[in-house]
Amino acid sequence: MKIIDILNQDQVTLSFEVFPPKKADTYDVVEQAARAIASLHPDFMSITYGAGGGTSQYTADLAADLHDRMGVEVLPHLTCVSSDRAHVHKMIKTYQEKGIENIMALRGDLPKDGHRSQDYTYAYELIQDIKAQGDFCIGGACYPEGHIECAHKADDIQHLKNKVEAGCDFLTTQMFFDNTIFYNFLYRIREAGIQVPVLAGIMPITNPRQLQRSVQMSGTNVPERFRAIVDYFGDDPKAMEQAGIIYASEQIIDLIANGIKHIHVYSMNKPEVAAAIQANISAMLRS
Ligand code: FAD
């Protein structure tokens, strides 16, 4: 099933992201965690893609496993900035052969060794390519605080508009910890004429290192209120996990109460965190 058809049902949806293993010897552990998350029956699950493409087979295998064995709709990711066209086409064909109808199309982070693709510079080129290869529902990334490489938010929104016009059916946001930033972004992109569904990406922070890493990579603003929570509970793993789950759940409740329909949780492969968040908002789903 195409994810856009799930989103267009006009009900509140909850979906989870998982990441594939980096090495073959941890595939089983990751698969087990992903299956446990799938058993919560989310509206769909996304599976990330290793930046260099070296673990691309794990993304495809995990997606197929969740789709075929667990009966969950899946959204495998695909990046292009470190790949040539032949590899990208191979991956699109693999997804097609596995009966997958959705692809999250991304540029990927710029490789540190400077070895960039000759075939792709931006995600919109990958989107055009996927559309030329088959009938996929395509997701794209967006950044409520602006993409870290783009100096001006207005330019970033114009690039986003071009990306949607290239064929994005929906967008998923980078994590954010302050909902007002998301509401402001939504207002600005709607004003710019971007009308596709936008999934709010929520990251439950369950340890201080995770927050540090996330902020380093994305430049996301951490509100004082949340910083104080992490400062206070950061040394107590159980208390921090509980506080992180509650903070994320409160964010989601506020989003739903303000008319936001689609919530995408970065589960970090933690079934207990995914389950706790789902339990906290269960009566609000499909409303
Ligand atoms: P683009 O849309 O191409 O944008 C990248 C930059 O280029 C932006 O600054 C934009 O403003 C600018 N730009 C775009 N078009 C133009 C143009 N025509 N002219 C000039 N500038 C332009 N990374 C992974 O490696 N694997 C994953 O699985 C993964 N999943 C993700 C999921 C989500 C929901 C998000 C938000 C990010 C994910 N990422 C993933 C990270 C992502 O790859 C990086 O943030 C990357 O730096 C940008 O990817 P993009 O697809 O948004 O790029």
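Because the structure is a prediction, the values reported are computed rather than measured. (Residues numbered from 1 in each chain as written. Predicted model: local features only at pLDDT ≥ 70, side-chain atom pairs only at ≥ 80, totals over all residues.)

Re the overall build of the chain
So, point 1. The secondary structure content of the chain amounts to 11 helices and eight strands.
So, point 2. Its C-alpha radius of gyration of 18 Å places the chain within 12% of the 19 Å reference for a compact globule of 287 residues.
So, point 3. By principal-axis analysis of the C-alpha atoms, the chain measures approximately 50 × 45 × 40 Å.
So, point 4. Considering the chain as a whole, with its 287 residues, one finds that 42% of them fall into the buried category. (Helix = DSSP H or I, 4+ residues; strand = E, 2+ residues; numbered from the N terminus. Rg over C-alpha atoms; globule rule 2.2 N^0.38 Å. Buried ≥ 20, exposed ≤ 12 C-beta atoms within 10 Å, placed from the backbone.)

Considering helix 5 (residues 123-133)
So, point 1. Within helix 5, the full set of buried residues consists of Ala123, Tyr124, Glu125, Leu126, Ile127, Asp129 and Ile130.
So, point 2. In this structure, the buried residues of helix 5 make contact with strand 3 (74-79), helix 4 (85-97), strand 4 (102-106), strand 5 (137-142) and helix 6 (153-167). (Contact = placed C-beta atoms within 7 Å.)

Structural notes on the nonpolar core
So, point 1. With 74 residues, the main nonpolar core has Met45, Val74, Leu78, Ala105, Leu126, Ile127 and Ile202 as its most contacted residues.
So, point 2. Those residues in contact with Leu126 that lie beyond four places of it in its chain are Leu78, Cys80, Val88, Ala105 and Tyr120. (Core = buried A, V, L, I, M, F, W, Y, C linked by C-beta atoms within 7 Å.)

Side note on the confidence of the model for the chain
So, point 1. For the chain, per-residue confidence averages 96 on the pLDDT scale, and residues scoring 70 or more make up 99% of the total.
So, point 2. Averaged pLDDT values for the elements of the chain fall to 92 in helix 8 (residues 208-218) and rise to 99 in strand 6 (residues 170-173).
So, point 3. Scoring of the predicted complex yields 0.98 for pTM and 0.99 for ipTM. (pLDDT = per-residue confidence, 0-100.)

Some points on the pairing of strand 8 (residues 262-266)
So, point 1. In terms of burial, strand 8 is a largely internal element, five of the five residues being buried.
So, point 2. Where burial is concerned, the two faces of strand 8 agree: the one with His262, His264 and Tyr266 and the one with Ile263 and Val265 are both buried.
So, point 3. Where strand 1 (residues 13-18) and strand 8 come together, five bridges link them in parallel fashion. Pairing of Ser15 across the sheet is with His264, part of strand 8.
So, point 4. Both strand 7 (residues 198-202) and strand 8 contribute to a ladder of three bridges, which runs parallel. Of the residues in strand 8, the one forming a bridge with Ile202 is Val265. (Pairing = 2+ DSSP bridges.)

Regarding the site of the ligand
So, point 1. Residues in contact with the ligand amount to 23 residues; listed here are only the nearest, Thr48, His77, Arg107, Ala123 and Ala141.
So, point 2. With four residues, helix 6 is the single largest residue contributor to the shell around the ligand.
So, point 3. Of the residues contributing to the shell around the ligand, the split by class is eight nonpolar, 10 polar and five charged. (Near = placed C-beta within 6 Å. Nonpolar A, V, L, I, M, F, W, Y, C, P; charged D, E, K, R; others polar.)

Remarks on the environment of Val74
So, point 1. Structurally, the position occupied by Val74 is in strand 3.
So, point 2. Considering only alpha carbons, one finds Val74 and Glu17, 57 residues apart in sequence, at a separation of 9.7 Å.
So, point 3. Setting aside residues no more than four positions away along its own chain, Val74 makes contact with Phe44, Met45, Ile47, Ala63, Leu66, His67, Ile100 and Asn102.

Observations regarding the packing of helix 10 (residues 237-257) against helix 11 (residues 271-281)
So, point 1. At a minimum axis distance of 10 Å, the contact between helix 10 and helix 11 shows a crossing angle of 40 degrees. Classed by the angle they form, the pair helix 10 and helix 11 counts as oblique. Along this stretch, helix 10 crosses helix 11, giving a crossing that reads as right-handed. Counting all contacts with helix 10, which are made through Ile245, Ala248, Ser249, Ile252 and Ile253, the residues of helix 11 involved are Val273, Ala276, Ile277, Asn280 and Ile281. (Axes fitted to C-alpha atoms, helices over the stretch in contact; angles between N-to-C directions. Parallel < 35°, antiparallel > 145°, perpendicular 65-115°, else oblique. Left-handed = near helix turned anticlockwise from the far one by under 90°.)

Some points on unusual backbone geometry
So, point 1. Even without being a glycine, Asp10 presents a positive backbone phi close to 60 degrees.
So, point 2. In this structure, Asp10 sits in the loop between helix 1 (3-7) and strand 1.

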